[in-house]
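Residue-level structure breakdown
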Amino acid sequence: MSYGDDMTTRARSEARRAQIVQAALEVIAERGYRAASLAAVAERVGLTQQGLLHYFPTKEALLVAVLEERDRWDALPAHQFRLDLLASLVEYNAMRPAIIQTFSALLGESVTEGHPARAYFTERYVQVRSGMAEVLRAEYGDRLPSGLTPERAAPLLVALLDGLQYQWLLDPESVDMPGAFRDFLTLLGETGD
């Protein structure tokens, strides 16, 4: 096999993996992780379950790939996070309900003992709270106008972001997720100018 053939094979393999991850996102969003089957994902991409196992040897390996893909879409270097960029992220999330639904379904299921994504989400929230504390510190220094430290306010900010997502998913006609987040920024004293 020549170098060019090897590159073509790798590119096709990566494209197929991406297709499988996208199908897994959809199946998990529709059914939840526990009810999602490898057979259902395989069927969506025109593979047998055995064929899918060639790319992802276990359901857990596929779950990790789904979570990693979601993180890649939202990746932003920590030093670039600002409150106004968080508002933009909320607006962006409102344009991709399937991704938010998948993330929310996995997050909800991960609180159960033994769930394969529990460690992922536990570590992710340690990092997210730390990142939000840095965002708040960059904006307000060591104390917010309320007197809270950035570390005390960070879990509240994360809870707001996730809570808005759940409310919006349940009733998108009644919950303006980006508008509600902008209202929160107004409460913090941000004018949006």
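This text follows the structure it describes.
The structure displayed is predicted, hence computed values, not measured ones. (Residues numbered from 1 in each chain as written. Predicted model: local features only at pLDDT ≥ 70, side-chain atom pairs only at ≥ 80, totals over all residues. Heavy atoms only, no water.)

**A word on the overall build of the protein**
From N to C terminus, the protein includes 9 helices and 0 strands. Counting helices and strands in the order they occur from the N terminus, the protein gives α-α-α-α-α-α-α-α-α. The dimensions of the protein, computed from C-alpha atoms along their principal axes, are 65 × 40 × 30 Å. Sorting the 193 residues of the protein into buried and exposed places 38% on the buried side. In the structure as shown, the protein presents an accessible area of about 11000 Å², 55% of it carried by carbon and sulfur atoms. Counting 19 positive and 27 negative side-chain charges, the protein places the centres of these two groups 5 Å from one another. (Helix = DSSP H or I, 4+ residues; strand = E, 2+ residues; numbered from the N terminus. Buried < 20%, exposed > 50% of the residue type's maximum accessible area, 1.4 Å probe, protein only. Areas by Shrake-Rupley, 256 points an atom, 1.4 Å probe, with all protein chains shown as cover. Lys, Arg positive; Asp, Glu negative; His and termini not counted. Charge placed at Lys NZ, Arg CZ, Asp CG, Glu CD.)

**Overview of helix H8 (residues 150-170)**
Counted at 1.5 Å a residue, the expected span for H8 with its 21 residues is 30 Å, and the 30 Å between its end C-alpha atoms agrees. Within the sequence span of H8, burial applies to Pro 150, Ala 153, Ala 154, Leu 157, Val 158, Leu 161, Asp 162, Leu 164, Gln 165 and Trp 168. Buried residues along H8 sit in contact with helix H5 (83-93), helix H6 (97-110), helix H7 (118-140) and helix H9 (177-188). (Expected span 1.5 Å × (residues − 1). Contact = heavy atoms within 4.5 Å.)

**A word on the pattern of salt bridges**
All told, the structure shown has 7 salt bridges when counted by the stated rule. Among the ionic pairs, Arg 82 bridges to Asp 84, the shortest N-O distance being 2.8 Å. Assessed through its relative accessible area of 42%, Asp 84 is described here as partly exposed. The shortest N-O distance in the salt bridge between Arg 137 and Asp 142 comes to 3.2 Å. The partly exposed category is assigned to Arg 137, whose relative accessible area is 25%. Salt bridges sharing common partners tie together Glu 134, Arg 137, Asp 142 and Glu 151. (Salt bridge = Lys/Arg side-chain N within 4 Å of Asp/Glu carboxyl O.)

**Here we look at the packing of H6 against H8**
With their axes 10 Å apart at the nearest point, H6 and H8 run at an angle of 115° to one another. Comparing their axes, H8 and H6 come out roughly perpendicular. You can see that H6 and H8 cross each other, and the crossing is left-handed. Packed against H6, whose contacting residues are Pro 97, Ile 100, Gln 101, Phe 103, Ser 104, Leu 107 and Gly 108, the element H8 presents Asp 162, Gln 165, Tyr 166, Trp 168 and Leu 169 at the interface. Counted by class, the contact of H6 with H8 contains 7 nonpolar, 4 polar and 1 charged residues. (Axes fitted to C-alpha atoms, helices over the stretch in contact; angles between N-to-C directions. Parallel < 35°, antiparallel > 145°, perpendicular 65-115°, else oblique. Left-handed = near helix turned anticlockwise from the far one by under 90°. Nonpolar A, V, L, I, M, F, W, Y, C, P; charged D, E, K, R; others polar.)

**Some points on empty space enclosed by the protein**
The final tally for this structure, using the stated rule, is 1 cavity of 30 Å³ or more. Each pocket or cavity is described by its volume, and for the largest cavity that value is around 60 Å³. Lining of the largest cavity is provided by Ala 24, Val 27, Ile 28, Tyr 33, Ala 36, Ser 37, Leu 38, Val 41, Lys 59, Leu 62 and Leu 63. Those elements that provide at least two residues to the lining of the largest cavity are helix H1 (3-31), helix H2 (38-44) and helix H4 (59-74). Class assignment of the residues belonging to the lining of the largest cavity gives a composition of 9 nonpolar, 1 polar and 1 charged. (1 Å grid on protein atoms, 1.4 Å probe; cavity = no way out; pocket = protein on both sides within 12 Å on 5 of 7 lines; lining within 4 Å. Points joined across faces, edges and corners; volume = space filled by probe spheres on them.)

**Looking at the packing of aromatic side chains**
As enumerated under the stated definition, the model contains 3 aromatic pairs in all. Seen from their ring centres, Phe 181 and Phe 184 are 6.0 Å apart, and the 35° between their planes marks the pair as tilted. Residue Phe 181 and its partner Phe 184 are located together in helix H9, separated by 3 residues, close to a single helical turn. A network of ring pairs unites the aromatic residues Phe 103, Tyr 120 and Phe 121 as a single cluster. Cation over ring: Arg 124 sits above Tyr 125, and NZ or CZ is 5.9 Å from the ring centre. (Phe/Tyr/Trp six-rings, centres within 6.5 Å; stacked < 30°, edge-to-face > 60°. Lys NZ or Arg CZ within 6 Å of the ring centre and 35° of its normal.)

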